[in-house]
There are 2 protein chains.
Amino acid sequence: MTAVEPMPSATKVVDLLARGRELVEPSLRQAISRLDEHTRLVASYHLGWCDVHGRPASGSSGKAIRPGLTLLVAEAVAGTPDPGVPGGVAVELVHNFSLIHDDLMDRDTQRRHRRTVWAIWGDATAVLVGDALACLADEVLGECESPYAPQAGHALAVATRELIRGQVLDVAFEQRSDVSLAECVDMAVGKTGALLGASAQLGAILAGADPATCEAFRRYGRELGLAFQLVDDLLGIWGAPEKTGKPVFADLLAHKKTLPVVWSLEYGGSPGQELAAWFTDPEAPTADDLQYAAVLVERAGGREWAMAEAEERVRRAGKALDGAGVQSANREQLDQLAQFVAERQL
Amino acid sequence: MTAVEPMPSATKVVDLLARGRELVEPSLRQAISRLDEHTRLVASYHLGWCDVHGRPASGSSGKAIRPGLTLLVAEAVAGTPDPGVPGGVAVELVHNFSLIHDDLMDRDTQRRHRRTVWAIWGDATAVLVGDALACLADEVLGECESPYAPQAGHALAVATRELIRGQVLDVAFEQRSDVSLAECVDMAVGKTGALLGASAQLGAILAGADPATCEAFRRYGRELGLAFQLVDDLLGIWGAPEKTGKPVFADLLAHKKTLPVVWSLEYGGSPGQELAAWFTDPEAPTADDLQYAAVLVERAGGREWAMAEAEERVRRAGKALDGAGVQSANREQLDQLAQFVAERQL
């Protein structure tokens, strides 16, 4: 497969996400402003708002898919995105808490084309800034006037615990050579599905949807999360460094057993077996070695499987919304967002 | 000063704390049981419930002062400790989240006479288990049926952020030689006062007290927290290793600038200046050096100041409750608890 052109609707999705970021950012900045000076500086740096000295910067604070999702869902339910704003702020805070802690645990030194928090300020700061953002998420939800805030807070806590469980599995799997595809999917559901699920669910909860509708949106977000992770794993191998901010074949270089790799090891026949042997080689891989491993994943069928599976998850995301009483214009936006997630930058 | 005998009321306080532990433990165990297998094992080990392999153990899970406080306050307000139970579970979870992260950041290898989580399972596990316990605290409050749970959850989030701020200061102060007593007190208010304040406040909130009463209890807990920290700092220098679980002069050995030390540096005249010089010596201190530094803190007046200040904080804790409409029997228990905190093991 070669890179495909962005579909016509991608521009609309990008606009929707930008609108979401704009709606959420004032409250997000207000929340961050409550932090003590040092924590505020580090959090603002991480969010792309300033450089390491606190000078305003226009770094990327990410695509803000999670708050975008919360607002789209709130709009689909209530006709306006506004009730979703505190939820959008909360999920973005939890997402960034997990990124800061994950970078520390994985010892990743780069994120969004900049050095990571622990790499600049050390372990203790990374632990504390992450803790502070998680805590702020609770505060923001606890202070919003919505009668649905407690329910939203509880849903977010449950999802956060699942997110942590996903990272626990990720860390554990690094010590093991026999991780099955089912275990790997379970991890991805936790690491990515849980919070995207909660992002959609919180939009519905805060907009006052009934429990069945909230649950339908949660399932929509979860499936979308799995599609997101599959695409992320594809980008981790075949993504263009200038877009991903990571070296070519980054995940292979890091010997990461991502979903397409694990599928290849389990179902990839003899190329899969060759790939398994490649992973046991203790020597640092050369550029040719990495190219070779990527070709093996492709020959084993892992790349094709991951692309098809991402599409399947997008289909399931849509299916979760059938019968949730979403108006067709909103439904179109939600379908486009799911499609965008599955096709970004591939 | 030599060790004093426990006062007659100490036994009663110990009984009260034991009762609090018993009331809270079933819900605490229920909460921990929801965690994934690995996180559950590590959390159970940390709480003294099992050994590293998960075999039941009767290790110490600490004095459980925080949940004890929550229950005592709930009882003082509502006549029964029961409404305070979810609050007691939540504050104990937040406390243990902060211990696990602090041990990692401070690279402490021993706690409660056992190896710390990061020292056994590594940094990533310590980060994740701490995160999971913080998250469980939200879940427990979010699920309790009390109409006051959202208010309790918000109060706990605010206190947790202050707790984190205290630790941020603690980490920052390690890099500085010019920390003032005021800054050091501010740090202690965050690190110890905030959560003890919230422990008392949550008892009042969940028991349905009016805002002024909740605030009075919060101030009571905060002052008690500062007394607690002062005594902790005294024990860190002069505490008996078999009781503290730390080596003699542990905090001096670690070159920790605790409250009695910082007071001595700022107000301790020429012994204080000698102490300042001692702290700049890069050589690892011998047993004699440590003894010498401890004598300097004493000569400078830091030990006496810390003891008097702890008593003063206990007095202020009591004063915070004047006019809060606490029945005399309950008031006696709360005063005894404060006194116990200030006098434990000295």
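So, a few notes on the structure that sits alongside this text. The shown structure was predicted, so the numbers you read here are calculated from the model rather than taken from an experiment.

Re helix α13 (residues 269–280) of chain B
Residues and elements named next belong to chain B. Given a rise of 1.5 Å per residue, twelve residues ought to cover 16 Å, and the 17 Å separating the end C-alpha atoms of α13 matches this to within 8%. Listed as buried for α13 are P271, G272, L275, W278 and F279. Down the axis of α13, the smallest arc covering the buried residues is 110°, so these residues share one side. Within α13, the exposed residues directed more than 90 degrees away from the buried face are S270, Q273 and T280.

Quick word on the interface of chain A and chain B
Of the residues lining the interface, 33 residues belong to chain A; the matching set on chain B comes to 33 residues. Buried surface at the junction of chain A and chain B, both sides included, amounts to about 2700 Å², of which 72% is carbon and sulfur. Linking chain A to chain B there are four salt bridges. The salt bridge partner of R107 of chain A is D123 of chain B, with a shortest N-O separation of 3.4 Å. On the surface where chain A and chain B come into contact, there are ten residue pairs in polar contact (both at pLDDT 80 or more). Residue assignment for the side of chain A that touches chain B shows that the elements contributing at least two residues are α2 (37–46), α4 (85–106), α6 (123–143) and α7 (149–173) of chain A. It is α6 of chain A that contributes the most residues to the side of chain A that touches chain B, twelve residues altogether.

Concerning the environment of A90 of chain A
Structurally, A90 of chain A is set in helix α4. For the pair A90 of chain A and R29 of chain A, spaced 61 residues apart in the sequence, the C-alpha separation amounts to 12 Å.

Re the relation of the copies chain A and chain B
In screw terms, the move from chain A to chain B is a rotation of 180° and a rise of 0.0 Å along the axis, fitting with an RMSD of 0.0 Å. What we have between these two chains is a two-fold relation. Relative to the rotation axis, the closest C-alpha in chain A is found at P150 of chain A, a distance of 2.9 Å.

Points about the packing of aromatic side chains
Residue and element names in this part refer to chain A. Considering all chains together, one arrives at eight aromatic pairs over all chains under this definition. Considering the side-chain rings of Y45 and W121, the 5.3 Å spacing of their centres and the 75° angle between planes classify their relative orientation as edge-to-face. Separated by 76 residues along the polypeptide, Y45 in helix α2 and W121 in helix α5 (residues 117–121) bring together distant segments of the chain. An aromatic cluster of three or more residues is present, and its members are W263, Y267 and W305.

A few points about unusual backbone geometry
The phi dihedral of R112 of chain B falls on the positive side, at around 50°, and the residue is not glycine. Residue class for R112 of chain B comes out buried when judged on its relative accessible area of 19%.

Considerations on the pattern of salt bridges
Taken as a whole and judged by the stated rule, the model has 52 salt bridges over all chains. Between D335 of chain A and R331 of chain A there is a salt bridge; the shortest N-O distance is 3.1 Å. Note that D335 of chain A and R331 of chain A are positioned in helix α16 (residues 328–343) at a spacing of four residues, about one turn of the helix. You can call D335 of chain A partly exposed: its relative accessible area is 30%. Salt bridges linked by common partners bring R34, E139 and E143 of chain A together with R161 of chain B together as one network.

Observations concerning the environment of F228 of chain A
Residue and element names in this part refer to chain A. Position of F228 relative to the elements: it lies in helix α9 (residues 211–238). On a C-alpha basis, the gap between F228 and R313 in space is 9.2 Å, while along the polypeptide they are 85 residues apart. Residues within four places of F228 in sequence aside, it is in contact with I65, R66, T192, L196, V341 and R344.

Reading the values: rules and limits
Residues numbered from 1 in each chain as written. Chains lettered and ligands numbered in written order. Predicted model: local features only at pLDDT ≥ 70, side-chain atom pairs only at ≥ 80, totals over all residues. Heavy atoms only, no water. Helix = DSSP H or I, 4+ residues; strand = E, 2+ residues; numbered from the N terminus. Expected span 1.5 Å × (residues − 1). Buried < 20%, exposed > 50% of the residue type's maximum accessible area, 1.4 Å probe, protein only. Arc of directions from axis to C-beta. Contact = heavy atoms within 4.5 Å. Buried area = accessible area lost by both parts, 1.4 Å probe. Salt bridge = Lys/Arg side-chain N within 4 Å of Asp/Glu carboxyl O. Polar contact = N/O pair within 3.5 Å; in protein donor to acceptor, adjacent residues only side chain to side chain. Least-squares fit on C-alpha atoms with pLDDT ≥ 70 in both. Phe/Tyr/Trp six-rings, centres within 6.5 Å; stacked < 30°, edge-to-face > 60°.

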